[in-house]
Protein chains: 2
Amino acid sequence: MTLETALYLIPVTLGDTPVEQVLPAWNREVIKGIRHFIVENVRSARRFLKKTEPAIDIDALSFVELNQHTDPKDIAGYLLPLEKGEPMGVISEAGCPAVADPGADVVAIAQEKGLKVVPLVGPSSIIMSVMGSGFNGQSFAFNGYLPIEEGARTKRLQLLETRAWNESQTQLFIETPYRNMKLMEQLLRTLRPRTRLCVASDITCEDEKIVTRSVAEWQRRLKGMTDEERQKEIPRVPAIFLIYKG
Amino acid sequence: MTLETALYLIPVTLGDTPVEQVLPAWNREVIKGIRHFIVENVRSARRFLKKTEPAIDIDALSFVELNQHTDPKDIAGYLLPLEKGEPMGVISEAGCPAVADPGADVVAIAQEKGLKVVPLVGPSSIIMSVMGSGFNGQSFAFNGYLPIEEGARTKRLQLLETRAWNESQTQLFIETPYRNMKLMEQLLRTLRPRTRLCVASDITCEDEKIVTRSVAEWQRRLKGMTDEERQKEIPRVPAIFLIYKG
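Because the structure is predicted, anything quoted here is derived from the model rather than measured. (Residues numbered from 1 in each chain as written. Chains lettered and ligands numbered in written order. Predicted model: local features only at pLDDT ≥ 70, side-chain atom pairs only at ≥ 80, totals over all residues. Heavy atoms only, no water.)

Colleague: Talk me through the sheet that holds strand 7 (residues 170-174) of chain A; I want residue IDs and the actual numbers.
Modeller: Spatially, ten strands are ordered 9(A)-8(A)-10(A)-7(A)-6(A)-6(B)-7(B)-10(B)-8(B)-9(B) in an open sheet, and the strand pairing comes out mixed. With one partner strand each, in any of the chains shown, strand 9 (209-214) of chain A together with strand 9 (209-214) of chain B form the two edges of the open sheet. Going across the sheet, the axis of each strand differs from the next one's by a mean of 15 degrees, ignoring polarity. Along the sheet face, helix 8 (residues 150-166) of chain B touches strand 6 (140-145), strand 7 (170-174) and strand 10 (239-244) of chain B and points at about 150 degrees away from the line of strand 7 of chain B. (Pairing = 2+ DSSP bridges. Helix = DSSP H or I, 4+ residues; strand = E, 2+ residues; numbered from the N terminus. Axes fitted to C-alpha atoms, helices over the stretch in contact; angles between N-to-C directions. Contact = heavy atoms within 4.5 Å.)

Following this line, the structure appears as structure tokens:
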């Protein structure tokens, strides 16, 4: 198969999930047709490619890294093989490239240059948590991380809660795993009792949990628990938090 | 394989795309383990199941419909097989169930009853268009359809544009395919020249196009075109529109 010239956005598994569980067979065919990759981290990209296609000849492939250490001036040059007619791939650390990671910069440049961009299907904790929450999927906003400073964070949370109630817009945000419980405590302190809160953790992985309760119900449930039980309820794993009106 | 008891949210292909291109092999295994389905449309759900698993015995399966004609009082009863311990599946007309379709209601009830919900991976034009646009994927909002009335629509568009600039939040919305060009004309009339506009049409299908330009560039480009050329540029096919600051 000769692959059409384009910038392919190649999702990876979240955690240790088997490739067949979360990626279409087509993605492997695309990978086999690409020699030039733009990746967030070379080591994990190589590991992913080997896992997807054990017969792949990694040494025949070229990799350039795009992450917070990349000089923005270098990014445009990354696309030279594509401009010469060779298909290229973008691979990020987890999930879908160019969503919540630096891949978007190189896609923006490809679009400016009028180059073809082709996203592939893969696991997105954003869309999967919206599906599983039972909240409004006709209007939802992903907000990334909340501000770190306490006052700014509370203010932002109240803004998001207002949008959930007044605009019927589901609001999503994330936190660094080891701070999940701290965020949860703040949510239960700050949000209205009737606001519904969904915690979706370890999406597509063995311990996946997607649980929706009202703020009042979460409060009751966590109140009676030992620290160990609470830790199990809100584990230190990748998680996404969603709120919606009750 | 015995499938774990849960409500599985099963994405379908968008358009005529082959199953292997957009759905993981795992989804087929899940389907083979399910006898009770809640679907938006029985006929297209049967067609999808046959396409995914030609050996399936459709007559051995049970289907209930969940759509705008469903009496809300009936929905809770739909989950009886699940409450008795049988895995169930939700299938919508296109893409991911419970995102921009009625499936969310039955998921909300499952969550209230404390039943396990498991979303599967599949094509989402929302996430794929964010990936391909080059816009901010760390903050984005899907807004469904815009208001139909002209004044309300203009006002909403201006609100979304303000959020794109002031909050750095990518804004997404959709339109009925035959009105795509009319929406496009309004966008070019209403938005600031420097605002960037991405039109993503026929995602995952043969004629997929994901093109980002500034409003000023789109204006220049469409201006010199014949009606036929414009029709080809903004076709009457499922499309999603994204805006972001320039």
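Having seen it, we continue.
Colleague: Before we move on, can you summarise helix 2 (residues 25-32) of chain A with the specific residues and values?
Modeller: Turning to helix 2 of chain A, its buried residues are Asn27, Val30 and Ile31 of chain A. In a view along the axis of helix 2 of chain A, the buried residues occupy a sector of 100 degrees, so they form one face of it. In this fold, the buried residues of helix 2 of chain A make contact with strand 1 (7-10), strand 2 (36-39) and helix 3 (42-52) of chain A together with helix 1 (19-22) of chain B. (Buried < 20%, exposed > 50% of the residue type's maximum accessible area, 1.4 Å probe, protein only. Arc of directions from axis to C-beta.)

Colleague: Quick one: what's the story with the packing of helix 8 (residues 150-166) of chain A against helix 9 (residues 180-190) of chain A, residue by residue and with numbers?
Modeller: Residues and elements named next belong to chain A. One can describe the packing of helix 8 onto helix 9 by two numbers: an axis separation of 11 Å at closest approach and a directional angle of 60 degrees. On the basis of the axis angle, helix 8 is oblique to helix 9. Along this stretch, helix 8 crosses helix 9, giving a crossing that reads as right-handed. Residues Glu150, Arg153, Thr154, Leu157, Gln158 and Glu161 of helix 8 form the contact with helix 9, whose participating residues are Leu183, Gln186, Leu187, Arg189 and Thr190. Residue composition of the contact of helix 8 with helix 9, grouped by class: three nonpolar, four polar and four charged. (Parallel < 35°, antiparallel > 145°, perpendicular 65-115°, else oblique. Left-handed = near helix turned anticlockwise from the far one by under 90°. Nonpolar A, V, L, I, M, F, W, Y, C, P; charged D, E, K, R; others polar.)

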